[in-house]
Amino acid sequence: MKEKIISYFEIDKLNTTVKREFLAGFTTFISMAYILFVNPTVLGASGMDEGAVFTATALASALGCILMGIFAKYPIATAPALGINAFFAYSVCVGMGVPWETALAGVFVASLIFILITIFKLRELIIDAIPADLKFAISGGIGLFIAFLGLSEGGIIVSNESTLVALGPLNVGSTWLTIFGLVITAIMMVRRVPGGIFIGMTATTILGLVTGLIDVPTKIISGAPSLKPTFLVALKHVGDINSLQLWVVVLTFLLVTFFDTAGTLVGLANQAGFMKDNKMPRVGKALAADSTAMLAGSLLGTSPVGAYVESSAGIAVGGRSGLTAVTTGLFFIVGLFFSPLLSVVTSQVTAPALIVVGVLMAQSLSQIKWKEMEIAIPSFLILLGMPLTYSISDGIALGFIFYPITMIAAKRGKEVSPIMYALFFVFVGFMWILNAS
């Protein structure tokens, strides 16, 4: 069996070992295991059953990782993406008043479209057409949005009638719990300790339990929570997608997941040295694995699944083959049996993780050509638009609308691809419909 594994994943060819791949897979898992607890908390704001979301998150993540490892043979893990889950819960369900059942149906429809455009290789064409600078801006903008959400949820930033936002009260124990977690997580990340985010969450939880800021759970291990509250709900509510507003939601799920995953895949492939002639080998298979996991996730009961930047932790310790991703997927299955810990993972515990993930995603901003104003203006609008409008989709729309305008003004209109001009009109219509509905 070991020889078959070595042969299938080309372990020797990639100059790695089974042991190293297993360690890399475990490192990736502990670096992103927080999603098991963060996702139920975020989606819980929409009214979804947190236990069911926990199980759906674990299963969708495991499936995506295993498919990515076996078919695309990349050491890249997948899970419900941060940012788009916030859009699902706070923008669609809370902001627009859309029932979570209908929003989940929107994810299902978007995943079907995803699969179709993947089969016809349209995703690859679009990825090639989007300027690299805007891809970097999208990734960085989502990072700022996630960090802003973490600062808010942790009590470090609060609303203010005079200044819109302000520093939160520092005489509240829960706020200091968030600060403690951020300090520990920052130290772990600076010291490059594998699983630094997870360690920070664990330390914050322990301090919360000791100080009484977090209630002690009655048990740690139990059977996986039932999927019944969310299982196949998306399928039953597809008929609810019957208005322009809801089709805009579907389009947003499609676009945001598309660009987030595409940017992450390219970035990780660069880190691992897989890029050849500025193209990613087997990108079609990687996108197919991602699309299938997103479809399965919607049926199980979770927001869109995408590639995870925390895969860089596994790659950093030597993970180079699909065995790394498969190992990560198996650990997600093991994680199913720790659902009682949900009660101790409060917003103060998850907030530092959100902030630090924001930092990781913002690193892409260094690659934007800031000295070229025709590039800088649309990139900046994407970057700043996401957190300030509290909407990922609005930020993307602002940048994609301004990009052709600034490029034409710079007499570089011929450098803009027809697809980008088409997206200009798509997003103008998108903004109009979104605000008219």
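Residues numbered from 1 in each chain as written. Predicted model: local features only at pLDDT ≥ 70, side-chain atom pairs only at ≥ 80, totals over all residues. Heavy atoms only, no water.

Going by the annotation in an unreviewed UniProt entry, the name recorded for the chain is Guanine permease, with Enterococcus ureasiticus given as the source organism. In its Subcellular location (unreviewed entry) section, the UniProt record describing the chain reads: "Cell membrane". Heading Sequence similarities (unreviewed entry) of the UniProt record for the chain holds this comment: "Belongs to the nucleobase:cation symporter-2 (NCS2) (TC 2.A.40) family. Azg-like subfamily." (UniProt positions renumbered as here; feature names shortened; annotations may be inferred.)

A.B. asks: Just checking my understanding: could you explain the pattern of salt bridges for this structure?
C.D. replies: Opposite charge on two side chains permits them to pair, given that their charged atoms come into close proximity. The full count for this structure, using the stated rule, is four salt bridges. Here Arg412 makes a salt bridge to Glu374, at a shortest N to O gap of 2.5 Å. Of the two residues, Arg412 sits in the loop between helix 18 (392-409) and helix 19 (418-436) while Glu374 sits in helix 17 (residues 373-389), which places them 38 residues apart along the sequence. Members of the salt-bridge network, linked through shared partners, are Glu372, Glu374, Arg412 and Glu415. (Salt bridge = Lys/Arg side-chain N within 4 Å of Asp/Glu carboxyl O. Helix = DSSP H or I, 4+ residues; strand = E, 2+ residues; numbered from the N terminus.)

A.B. asks: What am I meant to see in the environment of Ala325 here?
C.D. replies: Among the secondary structure elements, Ala325 is positioned in helix 15 (residues 322-334). With a relative accessible area of 0%, Ala325 lands in the buried category. For Ala325, the residues in contact, after removing those within four places along its chain, are Cys65, Ile66, Gly69, Tyr74, Pro75 and Ile76. (Buried < 20%, exposed > 50% of the residue type's maximum accessible area, 1.4 Å probe, protein only. Contact = heavy atoms within 4.5 Å.)

A.B. asks: Would you take a moment to explain the pairing of strand 2 (residues 157-160) for this structure?
C.D. replies: Strand residues, when the strand is regular, have side chains that alternate between the two faces of the sheet. Here strand 2 pairs with strand 3 (residues 164-167) via four bridges, running antiparallel. Paired with Asn160 across the bridge in strand 3 is Leu164. Following strand 2, the chain reverses through three residues before pairing antiparallel with strand 3. (Pairing = 2+ DSSP bridges.)

A.B. asks: Help me out: how do you make sense of helix 15 in this one?
C.D. replies: In an α-helix, one turn spans 3.6 residues, which is why side chains three or four residues apart end up on the same side. For helix 15, which comprises 13 residues, the first-to-last C-alpha distance of 19 Å matches the rise-based estimate of 18 Å (1.5 Å per residue) to within 8%. Three or more residues of helix 15 are buried, namely Gly322, Leu323, Thr324, Ala325, Val326, Thr327, Thr328, Gly329, Phe331 and Phe332. (Expected span 1.5 Å × (residues − 1).)

A.B. asks: Help me understand the packing of helix 4 (residues 50-72) against helix 13 (residues 283-300), please; the structure alone is not making it clear to me.
C.D. replies: Axes are the key here: two packed helices are described by the angle between their axes and the distance separating the axes. Where helix 4 contacts helix 13, the axes come no closer than 9 Å and their chain directions differ by 160°. With respect to their mutual orientation, helix 4 and helix 13 come out roughly antiparallel. Helix 13 is crossed by helix 4, and the crossing has right-handed handedness. Contacts between helix 4 and helix 13 involve Ala56, Leu59, Ala60, Leu63, Gly64, Leu67, Met68, Phe71 and Ala72 from the former and Lys285, Ala286, Ala289, Thr292, Ala293, Ala296, Gly297 and Leu300 from the latter. The residue makeup of the contact of helix 4 with helix 13, split by class, is 13 nonpolar, three polar and one charged. (Axes fitted to C-alpha atoms, helices over the stretch in contact; angles between N-to-C directions. Parallel < 35°, antiparallel > 145°, perpendicular 65-115°, else oblique. Left-handed = near helix turned anticlockwise from the far one by under 90°. Nonpolar A, V, L, I, M, F, W, Y, C, P; charged D, E, K, R; others polar.)

A.B. asks: I keep staring at the packing of aromatic side chains and nothing clicks. Help me out?
C.D. replies: Any pair of aromatic rings gets described here by the distance separating the centres and the angle formed by the planes. According to the stated counting rule, one finds 10 aromatic pairs in the structure shown. Centroid distance Phe37 to Phe54: 6.1 Å. Interplanar angle 40°. Geometry classified as tilted. Here Phe54 lies in helix 4 and Phe37 lies in helix 3 (residues 35-44), a separation of 17 residues in the sequence. The residues Phe37 and Phe54 share a single accessibility class, namely buried. A ring pair is formed by Phe87 and Phe253, whose centres lie 5.6 Å apart and whose planes are at 85°; its orientation type is edge-to-face. (Phe/Tyr/Trp six-rings, centres within 6.5 Å; stacked < 30°, edge-to-face > 60°.)

A.B. asks: Looking at this structure, I do not really get a positive patch on the surface. What am I missing?
C.D. replies: A cluster of basic residues, Lys13, Lys276, Arg282 and Lys285, forms a positive patch at the surface. Locating Lys13 in the fold gives a position in the loop between helix 1 (2-8) and helix 2 (18-32). For Lys13, a relative accessible area of 67% corresponds to the exposed category. (Patch = residues over 30% accessible without salt bridge, like charges linked within 9 Å, V, L, I, M, F, W, Y side chains within 5 Å. Areas by Shrake-Rupley, 256 points an atom, 1.4 Å probe, with all protein chains shown as cover. Lys, Arg positive; Asp, Glu negative; His and termini not counted. Charge placed at Lys NZ, Arg CZ, Asp CG, Glu CD.)

A.B. asks: Got a minute to help me understand helix 13 in this structure?
C.D. replies: Here helix 13 is 18 residues long and its end C-alpha atoms lie 26 Å apart, about the 26 Å a rise of 1.5 Å per residue gives. Within helix 13, 13 of the 18 residues are buried, which leaves the element mostly enclosed by the surrounding structure. Among the residues trailing helix 13, Gly301 stands out with phi positive, at a value near 120°.

A.B. asks: Even after reading the chapter, I still don't get the nonpolar core, so can you show me in this structure?
C.D. replies: The tendency in soluble globular proteins is for nonpolar side chains to be buried as a group. Formed by 116 residues in total, the largest nonpolar core has its most connected members in Tyr34, Leu82, Phe88, Phe253 and Phe400. Take this core: its biggest share by element is 14 residues, from helix 12 (residues 244-272). If sequence neighbours within four positions are ignored, Phe253 has contacts with Ile84, Phe87, Phe88, Val92, Ala103, Gly106, Val107, Ala110 and Pro304. Counting six residues, the second-largest nonpolar core is a separate cluster that includes Ala56, Leu227, Leu300 and Val305. (Core = buried A, V, L, I, M, F, W, Y, C linked by side-chain atoms within 4.5 Å.)

A.B. asks: Explanation requested: the side chain of Thr175 in the structure shown.
C.D. replies: When you line up the elements, Thr175 lands in helix 9 (residues 173-190). Apart from the residues within four sequence positions on either side, Thr175 is in contact with Gly154, Gly155, Ile156, Pro169 and Leu170.

A.B. asks: Looking at this model, I keep getting lost on the environment of Ile5. Mind explaining?
C.D. replies: One can find Ile5 in helix 1. Each C-alpha atom, one on Ile5 and one on Val18, is 8.3 Å from the other, the two residues being 13 residues apart in sequence. Apart from residues lying up to four places away in sequence, Ile5 is in contact with Ile11 and Leu323.

A.B. asks: Teacher, can you tell me more about the environment of Gly322 here?
C.D. replies: Structurally, the position occupied by Gly322 is in helix 15. Sequence separation of Gly322 and Val357 is 35 residues, and the distance between their C-alpha atoms is 24 Å.

A.B. asks: Looking at this structure, how should I read the confidence of the model for the chain?
C.D. replies: On average, residues of the chain score 86 in pLDDT, and 96% of them are at 70 or above. Confidence, expressed as mean pLDDT per element, reaches its minimum in the chain at helix 7 (residues 122-129) with 75 and its maximum at helix 4 with 94. (pLDDT = per-residue confidence, 0-100.)

A.B. asks: What is the right way to read a nonpolar patch on the surface from this model?
C.D. replies: On the surface, a cluster of nonpolar side chains totalling about 540 Å² of accessible area is made up of Leu116, Ile119, Phe120, Leu122 and Leu125. Those elements that provide at least two residues to the nonpolar patch are helix 6 (100-119) and helix 7. Among the secondary structure elements, Ile119 is positioned in helix 6.

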